[in-house]
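Examining the three-dimensional arrangement
Residue strings, one per chain:
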Amino acid sequence: MSGTFTKSMARNIFYGGTVFFFLLFLALAFDTNSALPARDNRANLTPSVIAGKKIWETRNCIGCHTLLGEGAYFAPELGNVYKRRGGDFIKAWIKSQPTGAPGRRQMPQFNLSDKELDDIVAFLKYTSEINTAKWPPNIEG
Amino acid sequence: MQYKSQAVAKLYFMAAIGLFAGQVLFGLIMGLQYVVGDFLFPAIPFNVARMVHTNLLIVWLLFGFMGGAYYLVPEESETELFSPKLAVALFWIFLIAGALTIVGYLAVPYATLAQMTGNDLLETMGREFLEQPLPTKLGIVVVALAFLFNITMTVLKGKKTAISMVLLLGLWGLAIFFLFSFYNPSNLVKDKFYWWWVVHLWVEGVWELILGSLLAFVLIKVTGVDREVIEKWLYVIVTLTLVTGIIGTGHHYYWIGAPEYWQWWGSVFSALEPIPFFAMTVFAFNMVNRRRREHPNQAATLWALGTAVMSFLGAGVWGFLHTLAPVNYYTHGTQVTAAHGHMAFYGAYAMVVLTIISYAMPIMRGRAANSNRAQVVEMWSFWLMTVSMVFITLFLTAAGILQVWLQRFSSTPIPFMQAQEQISLFYWLREGTGVLFLVGLVLYIVSFFVSGREKTSAA
Ligand code: HEM
Ligand code: HEM
Ligand SMILES: [Fe+2]
């Protein structure tokens, strides 16, 4: 890399290339934004779902579980748990934690009220209805 | 040391190493919880240990980057730091804020912490890597801006080299993209879409600029190769980084509700992301082979070459492994991801911080290089940590492939927890290797206290 290819040429390509591809990225993000309403299940973003998302966040569920494949890998995927288990099971499960089974991975007791349990279920139902291009491969997540 | 004010870097480096040790301890706690599920429960649930592990990682790397910048910029700009006092003040603010945050995670339930710290005013908590309470996030922004002011003013009053410009750009980008951590819409798809503007555009974007410039600086110093050559390489590498890495963000948009064209954009561009890492490896070896001097600090040269190789393996090879959409469909959110996350973070960012520390610390302690004995201990720690990380990655990759097979690919898929039990052997092996990693880290810390005849020749 010597001779005709100079440092200032390299620098100009750097700035030009970066600006070009960043603008292209912004354009794609803009297009995504307009395509999302058909995919992201926003019609079902009820107050209960929104409250459920906040419970999800303030209990740091993502610190053990994945949600649509993102998060921690210590406990099962929950993006499709509503389809796998149903709302009643989810509530009963959360209420009965921790199992205390010796040596088994433990989930904390969060002391959620009945309303909070309904909200978290609503959030997980909403999540399970997002169009994820057929991910996960099967119901086990 | 050419400029007095470079010495502030020492504080930052010491804090970085201390927090690194904390990070690894919590990694070992989690590694044990993977196989002995009720270990330390309910005192330290897994999700708490994980926040501590990953947040300490980010914070010690930030300390390392800032320390690196404080050391590098005066020397590149050929002038004293704009304000060493500000640098010292920011150090304490950042350290205390960081320590309080970790104490908060460990001492009170997360929901209580959220309530105490004003999460209701602006809900930003409870997302992976961005778990910090609002005051901590704001603190990060304030410290980052004041730091950038200090560094930018230094560059402006001195000489502007390619290395310091690329470093500055990387650091500004780091601060700017962090602002997306304040955007948390209730629409989960949008939340996830912009979350990656922090996480991906950091590690596969602007942080690579910081990586490249720190590495280029150390290579100039230890090889004595002409600056023109090294800086040209640096521009080529960071061009490749951003041209592939920005749109490469698409490899996170396959299955989160975004349009399906991202499977093409993401696969094609992210498949090219290994190229800049490969270029970095070629560059580093090339420069060392063409060296014009024998620098007495051989440990620093080893770290520099190690960074180049391990970042290519961790980010380039292990990233490529699962980046194409048809592969990622099966590996998304499994131990394969964890394997890659470990080797990439260690190989690229942990190692480049250890490289600049290895080069700069002896000089700040008044010698060109440490004694032979100290360097031998440091090199042992290099090999122990690096080889351990290679094996941790291999064990997690094996665990991940089995997990995918059992839970997602076979014709009779089994539930998550059952699959985890079947692969527990690999988690035990990972934990054992993790202990070896810790031994390497202890040795690394010990190397700072080993004496012997010091080397004083050329700096
Ligand atoms: C050596 C002992 C270590 C052990 C036993 C360990 C263990 C773990 C465990 C169990 C997790 C959580 C995985 C999950 O979510 O289920 C984790 C996450 C993580 N660790 Fe470590 N770790 C160690 C060292 C390190 C080092 C040295 C680094 C980087 C320099 C690192 C970076 C990370 C990152 C980036 C994550 C998040 C990964 C992701 O989200 O995919 N760890 N670690
Ligand atoms: C030094 C640079 C890099 C670092 C530090 C890094 C780190 C990480 C981490 C921590 C994750 C897990 C994020 C989460 O918790 O959800 C991740 C995911 C991922 N990385 Fe990287 N990475 C780097 C470079 C690359 C490169 C160059 C590629 C592609 C060639 C790549 C491909 C991927 C993919 C496809 C995922 C998503 C995995 C999944 O679907 O679960 N990474 N990376
Ligand atoms: Fe990425």
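Preceding this paragraph is the structure being described.
Being a predicted model, the structure only gives us computed values, none of them experimental. (Residues numbered from 1 in each chain as written. Chains lettered and ligands numbered in written order. Predicted model: local features only at pLDDT ≥ 70, side-chain atom pairs only at ≥ 80, totals over all residues. Heavy atoms only, no water.)

Each pocket or cavity is described by its volume, and for the largest pocket that value is around 760 Å³. Lining the largest pocket we find 36 residues, and of these A:H65, A:P76, A:L78, A:W93 and A:M107 sit closest to its centre. Contributions of two or more residues to the lining of the largest pocket are made by helix 2 (47–58), helix 3 (81–85), helix 4 (87–95) and helix 5 (114–128) of chain A together with helix 15 (416–422) of chain B. Across the lining of the largest pocket, the residue classes tally to 22 nonpolar, seven polar and seven charged. The volume enclosed by the second largest pocket comes to roughly 410 Å³. Contributing to the lining of the second largest pocket are 19 residues, with A:P108, A:F110, B:P45, B:P109 and B:Y110 lying nearest its centre. Listing elements by their share of the lining of the second largest pocket, those giving two or more residues are helix 2 (46–77), helix 3 (84–107) and helix 4 (110–116) of chain B. Here the lining of the second largest pocket is composed, by residue class, of 14 nonpolar, four polar and one charged. (1 Å grid on protein atoms, 1.4 Å probe; cavity = no way out; pocket = protein on both sides within 12 Å on 5 of 7 lines; lining within 4 Å. Points joined across faces, edges and corners; volume = space filled by probe spheres on them. Helix = DSSP H or I, 4+ residues; strand = E, 2+ residues; numbered from the N terminus. Nonpolar A, V, L, I, M, F, W, Y, C, P; charged D, E, K, R; others polar.)

Each side of the interface is counted separately: chain B has 87 residues, and chain A has 72 residues. Between chain B and chain A, the buried area comes to about 6,900 Å², and carbon and sulfur atoms account for 64% of it. Connecting chain B to chain A are seven salt bridges. We note a salt bridge from B:D191 to A:K53, for which the minimum N-O separation is 2.9 Å. Among the residues forming the side of chain B that touches chain A, the class breakdown is 50 nonpolar, 21 polar and 16 charged. (Contact = heavy atoms within 4.5 Å. Buried area = accessible area lost by both parts, 1.4 Å probe. Salt bridge = Lys/Arg side-chain N within 4 Å of Asp/Glu carboxyl O.)

For the rest of this paragraph, the subject is the coordination of the iron atom of ligand 2. Only one protein atom coordinates the iron atom of ligand 2: B:H340 (NE2), located 2.0 Å from the metal. In this fold, B:H340 is placed in helix 13 (residues 335–364). (Donors = N, O, S within 2.8 Å, 3.2 Å for Na, K, Ca; no water.)

Let us now look at the site of ligand 1. Surveying the vicinity of ligand 1 reveals 27 residues, the closest of which are A:Y73, B:Y34, B:R50, B:H53 and B:H342. Those chains with residues close to ligand 1 are chains A and B. Here an oxygen atom of ligand 1 sits 2.4 Å away from a polar atom, N or O, in the side chain of B:Y34. The side chain of B:R50 places a nitrogen or oxygen atom 2.6 Å from an oxygen atom of ligand 1. (Near = heavy atom within 4 Å. Polar contact = N/O pair within 3.5 Å; in protein donor to acceptor, adjacent residues only side chain to side chain.)

It is worth spelling out the coordination of the iron atom of ligand 1 at this point. All names here are of chain B. Each protein donor to the iron atom of ligand 1 is listed here as H53 (NE2) and H342 (NE2); together their distances run 2.0 Å. In this structure, the iron atom of ligand 1 is coordinated by six donor atoms arranged in octahedral fashion, with angles at the metal of 84 to 179°. On the criterion of sequence distance, the pair formed by H53 in helix 2 and H342 in helix 13 is long-range, its members being 289 residues apart. For H342, a relative accessible area of 28% gives the class partly exposed. (Tetrahedral: all angles 85-135°; square planar, octahedral: opposite > 155°, others 65-115°. Buried < 20%, exposed > 50% of the residue type's maximum accessible area, 1.4 Å probe, protein only.)

Next up on the list: the pattern of salt bridges. Per the stated rule, a full pass over the model turns up 20 salt bridges over all chains. Here A:R39 ties to B:E260 by a salt bridge, and the two come within 2.9 Å at their closest N and O atoms. In this pair, A:R39 is assigned in the loop between helix 1 (7–35) and helix 2 and B:E260 in the loop between helix 8 (227–248) and helix 9 (262–272), connecting two distinct chains. Judged by its relative accessible area of 37%, B:E260 is partly exposed. With its nearest N and O atoms 2.8 Å apart, the salt bridge here joins B:R227 to B:E231. One end of the pair, B:R227, and the other, B:E231, are both in helix 8, four residues apart, so they sit about a helical turn from each other. Given a relative accessible area of 1%, B:E231 falls into the buried group.

Turning next to the site of ligand 2. With respect to spatial proximity, 27 residues lie near ligand 2, and among them B:E128, B:H332, B:G333, B:T337 and B:H340 are the closest. One finds residues of chains A and B in close proximity to ligand 2. A distance of 2.7 Å is found between an oxygen atom of ligand 2 and a side-chain nitrogen or oxygen belonging to B:E128. No other element matches the seven residues that helix 13 of chain B contributes to the shell around ligand 2. Per-class residue counts for the shell around ligand 2 are 12 nonpolar, 12 polar and three charged.

What follows is about a nonpolar patch on the surface. All names here are of chain B. There is a patch of nonpolar side chains on the surface, built from V88, W92, I96 and L100 and spanning about 390 Å² of accessible area. With respect to the element layout, W92 can be found in helix 3. Owing to a relative accessible area of 43%, W92 belongs among the partly exposed residues under this scheme. (Patch = residues over 30% accessible without salt bridge, like charges linked within 9 Å, V, L, I, M, F, W, Y side chains within 5 Å. Areas by Shrake-Rupley, 256 points an atom, 1.4 Å probe, with all protein chains shown as cover.)

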